[in-house]
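As a plain string of letters, each chain reads:
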Amino acid sequence: MKPILETNRLILREIDFIDEQDLFEMDSDPDVHLYIENNPVKSIEEIRKVIELLKLQYQENGIARWAVVDKITNECLGWAGLKYFKQALNNHSNFYELGYRFKKKHWGKGYATESSIAILDYGFNTLNTDTIYAITDPRNANSIKVLTKLGFNFIETFDYDGDNTNWFELNKSNWKNNS
């Protein structure tokens, strides 16, 4: 499959059905879902539905989360990318939100930061957006550390479907100063 972005160690490309086993391994792990609704997937069929939704987002919005693939092993390590929110979230709509999720065995290896740097560059310079947002559970210290390292500013904690959620913001002008 054609890469969209590349880093030193990673290829970022559209997610496809060839990734279903890797995504199932990731999303069926309770530790991966601890701060994400705490509801791991139970079947490969659930993953196929997610892939179908992502394919629809690629079609409708031109962008969605991408598979993060190790250049050497060709393993899909997880996903990262921008999601375009048309619907309102925390009093914002029509915005890009950075997200990432990786298999537990790949945590702590810098993949979230490495892939996100390339994604943010793409968002600010190719999509020409002025602001990119990110959300995370306030208890997810590792995700907060990544966002802070990338230059995101914590704005507030808001109620997202009954859960406290941290809202972060990164402006293009700040990104240029940090990149």
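Below you will find a few notes about this structure. (Residues numbered from 1 in each chain as written. Predicted model: local features only at pLDDT ≥ 70, side-chain atom pairs only at ≥ 80, totals over all residues. Heavy atoms only, no water.)

1. Description of the overall build of the protein
From N to C terminus, the protein includes 5 helices and 8 strands. Secondary structure elements of the protein, listed N to C terminal, follow the sequence β-β-α-α-β-β-β-α-β-α-β-β-α. Taking 2.2 N^0.38 as the reference for a compact globule, 179 residues should give roughly 16 Å; the C-alpha atoms of the protein span a radius of gyration of 15 Å, in line with that estimate. Dimensions of the protein, computed from C-alpha atoms along their principal axes, come out at roughly 40 × 35 × 35 Å. A burial count over the protein gives 48% of its 179 residues as buried. If you sum the accessible surface of the protein, you get close to 9,500 Å²; carbon and sulfur atoms cover 46% of it. In the protein, which carries 21 positive and 27 negative side-chain charges, the distance between the mean positions of the two groups comes to 4 Å. (Helix = DSSP H or I, 4+ residues; strand = E, 2+ residues; numbered from the N terminus. Rg over C-alpha atoms; globule rule 2.2 N^0.38 Å. Buried < 20%, exposed > 50% of the residue type's maximum accessible area, 1.4 Å probe, protein only. Areas by Shrake-Rupley, 256 points an atom, 1.4 Å probe, with all protein chains shown as cover. Lys, Arg positive; Asp, Glu negative; His and termini not counted. Charge placed at Lys NZ, Arg CZ, Asp CG, Glu CD.)

2. Observations concerning the packing of aromatic side chains
Inspection of every chain in the model, using the stated rule, returns 11 aromatic pairs. Within the aromatic cluster, the residues linked to one another by ring pairs are Phe85, Phe95, Tyr133, Phe158, Tyr160 and Trp167. Lys83 extends its terminal NZ or CZ atom over the ring of Phe85, reaching a point 4.7 Å from the ring centre. (Phe/Tyr/Trp six-rings, centres within 6.5 Å; stacked < 30°, edge-to-face > 60°. Lys NZ or Arg CZ within 6 Å of the ring centre and 35° of its normal.)

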